[in-house]
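Residue strings, one per chain:
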Amino acid sequence: MTKSNSISKRVYGRGSAPGKIILLGEHAVVYGRPAIAVPVSDVRAHATVQPGRHGTGIVIHALDIGRHYLLDAVPPTDPIACVIREVLAHCGLPSHLDIDITITSDIPIASGMGSGAAVATAVVRALATALACPLDDAMVSEIVYKSETLLHGTPSGIDNTVVAYERPIWFVRGRPPAPFSVGGTFHLLIADTGVPSPTRTTVGDVRMAWERDTERYEALFDAIGELVQAARSALQQGDALHLGTLMQRNHTLLREMGVSAEANDRLVEAALEAGAYGAKLSGGGRGGNVIALVAEEQRAPVAHALEAAGAVRLLSTTLTPEDAP
Ligand code: MEV
C-alpha cells in the first residue's frame, strides 16, 4: 500500500488553539529582550480536516471570511498554505491529498491577540492528527513561526510560542521558551479599542525608527527588559500591586516608542481611574487591545469604566498558580 493510499483512509482530525496577550515586553522582544505572554483560552481558533468530497486536492474553507480555495491555487506566501505544506513535508507526505480543511475562529483579528498564529496552530494540529503524524509543541511552534514571518515580517516568535504551548511563557528570542510559574492569582481585563492594528505595520515602523535612532531605541528596549525581569519576580511572588506599577511603566515606554495611540491611552487612563493596579497596551499597539490588571472586586467597576471609555469588546482571563508547568 502506498503512503497516500493509507492516508486517504485515515484522514480526519481536529485542532484548536487559544488567543494570547503579551503581559510585558512587546516590541523590545523583537530585539532580544525578554517578554512574558499568556494564553487566553476563552477565545480560540478551530480547524477540522475531513476527507475531500470532490477529489480536487486540498481545499481550505475559511468560514469566518467566506473564503474557499484550493491549496494549489494560492501562492506560497499564503500563511495557511505555508503551514500545510510544512506539515506535509515534515511528515514526508505528498501534497496531492484530497482533503477539506475547515477553519473558524472567535479571536479578534488584528488586535494583538495572536489570531494568525492561533489559526495556523489549529490547522497544524488538525492536519498532524489527521495524518497520524504527531508533532510536539516545539515543532508546532516552529512550523507556525514560518507563517508568522509571512504575516508580520520580522516577528520575535513569541505569538506562535505561547499559542502552541498554551501556557504562560517567559520568552527570549532564539532561546527555548520557558513555561512560567505564577505565585498568586492575577485578574486581567482585555479591552479592545476597536481600532484594527496589524502587527506588521507597527513592527515595521519600530524597525525604521530604530534604524534612524538606534541608541535611543536600544535604551528604551533595555528599560523594558528590566521591567520584564522585575515583572517575573512580581508574578512569582503573587504581587499584583507591583506588577501593575511595572505594567504602567511599560506603557509609558511604549508611548515613548511611538506605538500607542489616543484610543489606547484613553482606555489605560479609564482603567487606572477606576482602580486598576496597572494598564497598558498589549501587542503591536496603535489600537488593538489594552490590558488592565485588577483586584477581583475591581473587575466590575474597571470593566464598566473601559466600556464607558469606548472599549468595543471586553474579555477577561485569570492567571493562577495552577498555570504553572
Ligand atoms: C506582537 O504580538 C508582539 C510584538 O512584539 C511583535 C513580535 O514579538 O513579533 C509587537
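Note that the structure is predicted; figures quoted are calculated from it, not measured.

J.: Is there a simple way to explain the overall build of the chain in this structure?
T.: Tallying secondary structure elements over the chain gives 10 helices and 11 strands in all. What you see for the chain is a C-alpha radius of gyration of 20 Å, in line with the 20 Å of a compact globule of 325 residues. Seen along its three principal axes, the alpha-carbon backbone of the chain occupies a region of about 65 × 45 × 35 Å. Looking at the chain as a whole, 55% of its 325 residues are labelled buried. Here the analysis covers contacts within the chain between residues at least 6 apart in sequence; of these, 74% occur between residues at least 24 apart. Taken as a whole, the chain presents about 13,200 Å² of accessible surface, with 52% of it coming from carbon and sulfur. Of the charged side chains in the chain, 27 are positive and 34 negative, and the gap between their average positions amounts to 6 Å.

J.: Which parts of the structure should I look at to understand the packing of helix α2 (residues 79–90) against helix α4 (residues 137–152)?
T.: Angle between the axes and distance between the axes are the two parameters that describe a pair of packed helices. Closest axis-to-axis distance for the α2/α4 pair is 9 Å, and the angle between their directions is 145°. Note that α2 runs across α4; the crossing there is right-handed. Contact residues: Pro79, Cys82, Val83, Glu86, Val87 and His90 in α2; Met139, Ile143, Val144, Lys146, Ser147, Leu150 and Leu151 in α4. When the residues that make up the contact of α2 with α4 are grouped by side-chain class, the tally is 9 nonpolar, 2 polar and 2 charged.

J.: Please explain helix α8 (residues 240–257) as it appears in this structure.
T.: Note: α-helices contain 3.6 residues per turn, so residues at a spacing of three or four share the same orientation. Taking 1.5 Å per residue, 18 residues should reach 26 Å; α8 reaches 25 Å between its end C-alpha atoms and fits that length. Turning to α8, its buried residues number three or more, namely Ala240, Leu243, Gly244, Leu246, Met247, Gln248, Asn250, His251, Leu253, Leu254 and Met257. Capping the start of α8 is the job of one residue whose side-chain oxygen sits 3.4 Å from the backbone nitrogen of leucine 241: aspartate 239.

J.: What am I meant to see in the side chain of threonine 320 here?
T.: Its location among the elements puts threonine 320 in the segment after β11 (313–319). Beyond its immediate sequence surroundings of up to four residues, threonine 320 is in contact with Val182, Gly184 and Thr185.

J.: Any chance you could explain the state of the cysteines here in plain terms?
T.: Covalently bonding the sulfur atom of one cysteine to the sulfur atom of another cysteine gives a disulfide. Counting across every chain of the model gives 1 disulfide. Left without a disulfide partner, cysteine 82 is nearest to the cysteine sulfur of cysteine 91, which lies 14 Å away. Cysteine 82 gets classed as buried once you look at its relative accessible area, which sits at 11%.

J.: Would you mind showing me how to read the packing of aromatic side chains here?
T.: For the coordinates displayed, the defined rule picks out 3 aromatic pairs. Ring geometry for tyrosine 31 and tryptophan 210: centres 5.0 Å apart, planes at 50°, overall tilted. Taken together, the positions of tyrosine 31 in the loop between β1 (13–24) and β2 (35–51) and tryptophan 210 in helix α6 (residues 199–212) put the pair 179 residues apart, joining distant regions of the chain. Measuring from ring centre to ring centre gives 6.1 Å for tyrosine 217 and phenylalanine 221, while their planes differ by 70°; the resulting arrangement is edge-to-face. Pair noted here: tyrosine 217 and phenylalanine 221 are both in helix α7 (residues 214–237), with a separation of 4 residues, about one helical turn. The lysine or arginine in question, arginine 67, covers the ring of tyrosine 69, its NZ or CZ lying 3.9 Å from the ring centre.

J.: Please explain the pairing of strand β8 (residues 186–192) as it appears in this structure.
T.: The side chains of a regular strand alternate between both faces of the sheet. Of all the 7 residues making up β8, 7 are buried; the element is thus mostly covered by neighbouring parts of the structure. Side-chain alternation along β8 places Phe186, Leu188, Ile190 and Asp192 on one buried face and His187, Leu189 and Ala191 on a second face that is also buried. Examined bridge by bridge, β8 and β11 share 7 bridges and lie antiparallel to one another. In the strand pairing of β11, alanine 191 is matched with leucine 314. Relative to strand β10 (residues 289–294), β8 is paired through 6 bridges, and the arrangement is antiparallel. Bridge pairing links histidine 187 to valine 294 in β10.

J.: Where do I start with the packing of α4 against α6 in this structure?
T.: For the pair α4 and α6, the least separation of the axes is 8 Å and the interaxial angle reads 75°. Taken together, α4 and α6 sit at an angle that is classed as roughly perpendicular. Residues Thr149, Leu150, Leu151 and His152 of α4 touch α6, and the partners they reach there are Thr199, Arg200 and Val203. Looking at the contact of α4 with α6 residue by residue, the classes come out as 3 nonpolar, 3 polar and 1 charged.

J.: Got a minute to help me understand the pattern of salt bridges in this structure?
T.: Pairs can form between side chains of opposite charge once their charged atoms are near each other. For the structure shown, the criterion picks out 14 salt bridges. Across the pair arginine 67 and aspartate 78 runs a salt bridge whose closest N-O atoms are separated by 3.8 Å. With arginine 67 in strand β4 (residues 67–70) and aspartate 78 in the loop between β4 and α2, this residue pair connects regions lying 11 residues apart in the sequence. Exposure remark for arginine 67: the relative accessible area of 34% places this residue in the partly exposed category. Of the charged contacts in the structure, one is a salt bridge between lysine 146 and glutamate 86, with a shortest N-O distance of 3.5 Å. In this pair, lysine 146 is assigned in helix α4 and glutamate 86 in helix α2, connecting sequence segments 60 residues apart. We classify glutamate 86 as partly exposed; its relative accessible area is 26%. Several salt bridges share partner residues, and in doing so they unite Arg33, Glu218 and Asp222 into one network.

Rules used in this analysis
All chains use their own residue numbering, which begins from 1 and follows the written sequence. Since the coordinates come from a predicted model, pLDDT governs what is reported: local features require at least 70, and pairs of side-chain atoms require 80 or more to be given and counted, while whole-chain, interface and lining totals use all residues. Hydrogens are left out, water is left out, and the side-chain values use all remaining heavy atoms of the structure. For helices the rule is a DSSP run of H or I covering at least 4 residues; for strands it is a run of E covering at least 2, with both sets numbered from the N terminus onward. Between the two quantities, the radius of gyration covers C-alpha atoms and the globule rule is 2.2 Å times the number of residues to the power 0.38. Think of it in three bands: with a 1.4 Å probe and only protein chains considered, a residue is buried below 20% of the maximum accessible area for its type, exposed above 50%, and partly exposed in between. Any two residues having at least one pair of non-hydrogen atoms within 4.5 Å are treated as being in contact. Surface accessibility follows the Shrake-Rupley procedure with a 1.4 Å probe radius. Residue values consider only the protein chains on display as shielding. In summary, the charge assignment counts Lys and Arg as positive and Asp and Glu as negative, without counting His or the chain termini. To locate a charge, take atom NZ for lysine, CZ for arginine, CG for aspartate or CD for glutamate. Geometry is summarised by axes, namely lines fitted to C-alpha atoms with helices restricted to the contacting stretch, and by angles between N-to-C directions that run from 0 to 180 degrees. Handedness of a helix crossing follows the sense of rotation of the near helix relative to the far helix, less than a right angle counterclockwise being left-handed and clockwise being right-handed. Gly is placed with the polar residues, together with every amino acid not listed as nonpolar (Ala, Val, Leu, Ile, Met, Phe, Trp, Tyr, Cys and Pro) or charged (Asp, Glu, Lys and Arg). A helix is expected to span 1.5 Å multiplied by its residue count minus one. For this analysis, a polar contact is any N or O atom pair within 3.5 Å, provided that within protein one partner can donate a hydrogen and the other can accept it, and provided that sequence-adjacent residues contribute only side-chain to side-chain pairs. When two cysteine sulfur atoms lie within 2.5 Å, the pair is treated as a disulfide. Only Phe, Tyr and Trp rings take part, Trp by its six-membered ring, and two of them pair if their centres are within 6.5 Å. Stacked means planes under 30 degrees apart, edge-to-face means over 60, and tilted covers everything else. Placement of a charge over a ring requires the Lys NZ or Arg CZ to be within 6 Å of the ring centre, with the centre-to-atom vector within 35 degrees of the ring normal. The pairing criterion is simple: DSSP has to find at least two bridges between the two strands. Any angle between 65 and 115 degrees counts as roughly perpendicular, while under 35 counts as roughly parallel, over 145 as roughly antiparallel, and the rest as oblique. Here a salt bridge means any side-chain nitrogen of Lys or Arg lying within 4 Å of a carboxyl oxygen belonging to Asp or Glu.

In short, the description is geometric, and any link to function would need to be established separately.
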